[in-house]
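Below are the chains, spelled out letter by letter.
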Amino acid sequence: MESHEIKVIPMINAKKDISHEIAAVFVDGYKKELAFLSANQEKLIEAFEKMLCPEVFYFATLKDEIVGILACSNNQNRALTIDETVLANSFGDEKGKTIYQYIKDDFNKRLPYSDGTGYIECVATATKARGRGVSTALINDVLKTANYHRYVLEVTDTNAIAYRLYKKLGFVEFKREKEKYAGMVDFDERIFMELYNINEQTENNAD
């Protein structure tokens, strides 16, 4: 019988350069959020594949095809390093500069979290693989292997499916922030959620 098992692998363990595939799933998964930057998905993929931080990315495969991604960042490394030169090369000087101004703060700022906190800032599943448990597999794998005592993520107020998934996995909402570009994107608020590593707490209590 053919196996349809979802496999989760750290990007740094990939046997070849998969930056393009990772960026393609990222752009597909965040299509709505990225639409105000450009309607040209190939240009977006071309730009983002050059700005990835492999040390924090994980990818999920089905039948050896990459169908999902997750980035678990920390206070030293973010998922992407937004580079104005890269954006200018992909979109032209003016548009590249505009895109850079819009998104640099989302990714280039150092996270205000302690060493023991992992920030799940990118979770995306390719359109054709949705509904098959890919995001759940990615998150569960990271919660088991990434060795943080606390995990934080954010989700937009219009992404009800993701919000329900995160609640089901044990994440609890602790803060909301108004989106400063709400008139240009399809959401009004960013919802921040957290989860504490129960397994680690249990081990510590047993010591």
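Residues numbered from 1 in each chain as written. Predicted model: local features only at pLDDT ≥ 70, side-chain atom pairs only at ≥ 80, totals over all residues. Heavy atoms only, no water.

Draft legend 1. Representation of the packing of helix H1 (residues 19-29) against helix H3 (residues 41-48) in the model. With their axes 8 Å apart at the nearest point, H1 and H3 run at an angle of 130° to one another. Taken together, the axes of H1 and H3 are oblique relative to one another. Taken as a pair, H1 and H3 cross one another with a handedness that is right-handed. Across the interface between the two elements, His20, Ala23, Ala24, Phe26, Val27 and Asp28 from H1 touch Gln41, Glu42, Leu44, Ile45 and Phe48 from H3. Taken together, the residues of the contact of H1 with H3 sort by class into 7 nonpolar, 2 polar and 2 charged. (Axes fitted to C-alpha atoms, helices over the stretch in contact; angles between N-to-C directions. Helix = DSSP H or I, 4+ residues; strand = E, 2+ residues; numbered from the N terminus. Parallel < 35°, antiparallel > 145°, perpendicular 65-115°, else oblique. Left-handed = near helix turned anticlockwise from the far one by under 90°. Contact = heavy atoms within 4.5 Å. Nonpolar A, V, L, I, M, F, W, Y, C, P; charged D, E, K, R; others polar.)

Draft legend 2. Representation of the pairing of strand E3 (residues 65-73) within the structure. Counting buried positions along E3 gives 8 out of 9 residues, so the element sits mostly inside the fold. Pairing between strand E2 (residues 57-62) and E3: 6 bridges, direction antiparallel. Residue alanine 60 lies in a different strand from E3, and its bridge partner there is glycine 68. Hairpin connection, E2 to E3: the antiparallel pair is bridged by 2 residues, and lysine 63 has positive phi, about 50°. With 6 bridges joining them, E3 and strand E4 (residues 117-125) adopt antiparallel strand pairing. Along E4, the bridge assignment pairs glycine 68 with threonine 125. (Buried < 20%, exposed > 50% of the residue type's maximum accessible area, 1.4 Å probe, protein only. Pairing = 2+ DSSP bridges.)

Draft legend 3. Up close: the environment of phenylalanine 57. Take phenylalanine 57: it is sitting in strand E2. In this structure phenylalanine 57 comes out as buried when scored by relative accessible area, which is 1%.

Draft legend 4. Looking closely at the environment of asparagine 108. With respect to the secondary-structure elements, asparagine 108 resides in helix H5 (residues 93-108). According to the relative accessible area criterion, asparagine 108 is partly exposed, its value standing at 35%. Remark: the alpha-carbon pair of asparagine 108 and phenylalanine 48, spanning 60 residues in sequence, is separated by 14 Å. Excluding residues that lie within four positions of it along the chain, asparagine 108 makes contacts with Arg78, Leu80, Thr81, Ile82 and Tyr100. Engagement of the side chain of asparagine 108 in a polar contact is seen with the backbone nitrogen of isoleucine 82, the distance being 2.8 Å. (Polar contact = N/O pair within 3.5 Å; in protein donor to acceptor, adjacent residues only side chain to side chain.)

Draft legend 5. Representation of the packing of aromatic side chains in the model. Tallied over the entire structure, the rule returns 7 aromatic pairs. Arranged with centres 6.3 Å apart and planes meeting at 55°, the rings of phenylalanine 174 and phenylalanine 192 form a pair that is tilted. Of the two residues, phenylalanine 174 sits in strand E6 (residues 172-178) while phenylalanine 192 sits in strand E7 (residues 189-196), which places them 18 residues apart along the sequence. Owing to a relative accessible area of 34%, phenylalanine 174 belongs among the partly exposed residues under this scheme. Three or more aromatic residues link up through ring pairs in this structure, and these residues are Phe26, Tyr30 and Phe48. The aromatic ring of phenylalanine 174 is capped on one face by arginine 150, whose charged end is 5.4 Å from the ring centroid. Here the basic side chain of lysine 175 rests over the ring of phenylalanine 192, its NZ or CZ set 4.7 Å away from the ring centre. (Phe/Tyr/Trp six-rings, centres within 6.5 Å; stacked < 30°, edge-to-face > 60°. Lys NZ or Arg CZ within 6 Å of the ring centre and 35° of its normal.)

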